[in-house]
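# Chains, contacts and geometry: an overview
Each chain, written out:
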Amino acid sequence: MGTALFIVDVQNDFTEGGALPVTGGDAVAAAITRHLAAHADEYELIIASRDWHDADGDNGGHFAAGDPDYVDTWPVHCVAGTEGAEYDPALVTDAVTHHVRKGQGQPAYSLYEGATEDGETVAELLTSRGILEVDVVGLATDHCVRASALDAIEHGRRVRVLTDLVAGVAPDSTDAALAELAHAGAELAESGA
């Protein structure tokens, strides 16, 4: 029974100075790097996701034509090949075993909605290696971290959200997301980093 680490969307557009910045995003990136330095060998798989939206079009209505509602529509962000789509520079990805891109031409929140460059899905990666436990870290707690953790639970994995290695958009929605995850069966724990 192996364990995987999901690093969700620690990208320039989601950290300070980006198109959709999460307060504390840079600090989360640095803290995840410290966690990896101390604990990477405890994970059989380390999967990092990135939004990787198409430059042309609205990505299935994901990019707002006018004013975004910040629920279903958003400002342009994480366009494939741009600086905004790259990992935050404080996140050292040397230990990452698989990089997943999601949201190519469509809305995508969960890491499960993406695939590696070879076309492997996260579900396939976990199943092929008998992974039953997943630690989840990254951005944003109330959006893509939430969706990724809920999908992992739905796929039968035991999930821990490392609460000192996540940051959310707003306090109320972050608290609600963590409560929802705990209710769904996720363990909320600190990394000890």
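So, here's what we can say about the structure. All residue numbers here refer to positions counted from 1 along the written sequence of the relevant chain. A pLDDT threshold of at least 70 governs which residues receive local features in this predicted model, and a stricter bar of 80 or more applies before side-chain atom pairs are shown or counted, although totals over entire chains, interfaces and linings include all residues. Each side-chain value is worked out from all heavy atoms of the structure, with water and hydrogens disregarded.

### Thoughts on the environment of glutamate 187
Mapped onto the secondary structure, glutamate 187 falls in strand β6 (residues 187–189). Expressed as a C-alpha distance, the spacing of glutamate 187 and threonine 33, which sit 154 residues apart in the sequence, is 22 Å. Beyond its immediate chain neighbours, meaning those up to four positions away, glutamate 187 contacts Arg158, Val159, Arg160 and Val161. What qualifies as a polar contact is a pair of N or O atoms within 3.5 Å, subject to a donor-acceptor requirement within protein and to the restriction that residues adjacent in sequence count only when both atoms come from side chains. Of the polar contacts made by the side chain of glutamate 187, one reaches the side chain of arginine 158; its length is 2.9 Å. Put simply, DSSP marks the helices as runs of H or I at least four residues long and the strands as runs of E at least two long, and each gets a number from the N terminus on. Residues are treated as being in contact if the distance between any of their heavy atoms lies within 4.5 Å.

### Notes on unusual backbone geometry
A cis amide bond, omega -20°, links leucine 139 with the succeeding residue alanine 140. By the element assignment, alanine 140 lies in the loop between β4 (131–139) and α3 (141–154). One non-glycine residue with positive phi stands out, namely aspartate 9, at about 50°. Along the chain, the position of aspartate 9 falls in the loop between β1 (2–8) and α1 (25–39). For every residue, the accessible area (1.4 Å probe, protein chains only) is compared with the maximum for its type, and the residue is labelled buried under 20%, exposed over 50%, or partly exposed between those bounds. For aspartate 9, a relative accessible area of 0% puts it in the buried group. With phi around 50°, cysteine 78 is a residue other than glycine that occupies positive phi space.

### Quick word on the sheet that holds strand β5 (residues 158–167)
Spatial strand order, β3-β2-β1-β4-β5-β6: six strands in an open sheet with parallel pairing. For this open sheet the edge positions go to β3 (98–102) and β6, each flanked by a neighbour on one side alone. On average, each strand axis in the sheet is tilted by 25° relative to the strand beside it, whichever way the strands run. For two strands to be treated as a pair, DSSP must find no fewer than two bridges joining them. In this structure, β4 lies alongside β5, joined through six bridges in parallel fashion. Across the sheet, the residue bridging to glycine 138 is valine 166, located in β5. Here an angle of 0 to 180 degrees is reported between the N-to-C directions of two axes, which are lines fitted to C-alpha atoms, with helices fitted over the stretch in contact.

### Points about the packing of α3 against helix α4 (residues 171–184)
To characterise two packed helices, one gives the angle between the axes of the helices and the distance between these axes. For the pair α3 and α4, interaxial distance at closest approach is 10 Å and the crossing angle is 5°. Considered as vectors, α3 and α4 are oriented roughly parallel to each other. Packed against α3, whose contacting residues are Thr141, Asp142, Arg146, Ala149, Leu150 and Ile153, the element α4 presents Ser173, Thr174, Ala177, Leu178, Glu180, Leu181 and Ala184 at the interface. Working definition: roughly parallel below 35 degrees, roughly antiparallel above 145 degrees, roughly perpendicular at 65 to 115 degrees, and oblique for all remaining angles.

### Here's the deal with the pattern of salt bridges
Between Lys or Arg on one side and Asp or Glu on the other, a salt bridge is scored when a side-chain nitrogen of the former is within 4 Å of a carboxyl oxygen of the latter. If you walk through the whole model with that rule in mind, you get eight salt bridges. For glutamate 133, the salt bridge goes to arginine 158, with nearest N and O atoms at 3.7 Å. Of this pair, glutamate 133 sits in strand β4 while arginine 158 sits in strand β5, and the two are 25 residues apart along the sequence. Residue arginine 158 is classed as partly exposed on the basis of its relative accessible area of 44%. Put simply, aspartate 135 and arginine 160 hold a salt bridge, and the shortest N to O gap is 2.7 Å. Residue aspartate 135 is located in strand β4, and its partner arginine 160 is located in strand β5; the two are separated by 25 residues in the primary sequence. Counted as one network, the salt bridges with shared partners bring together Asp9, Asp51 and Lys102.

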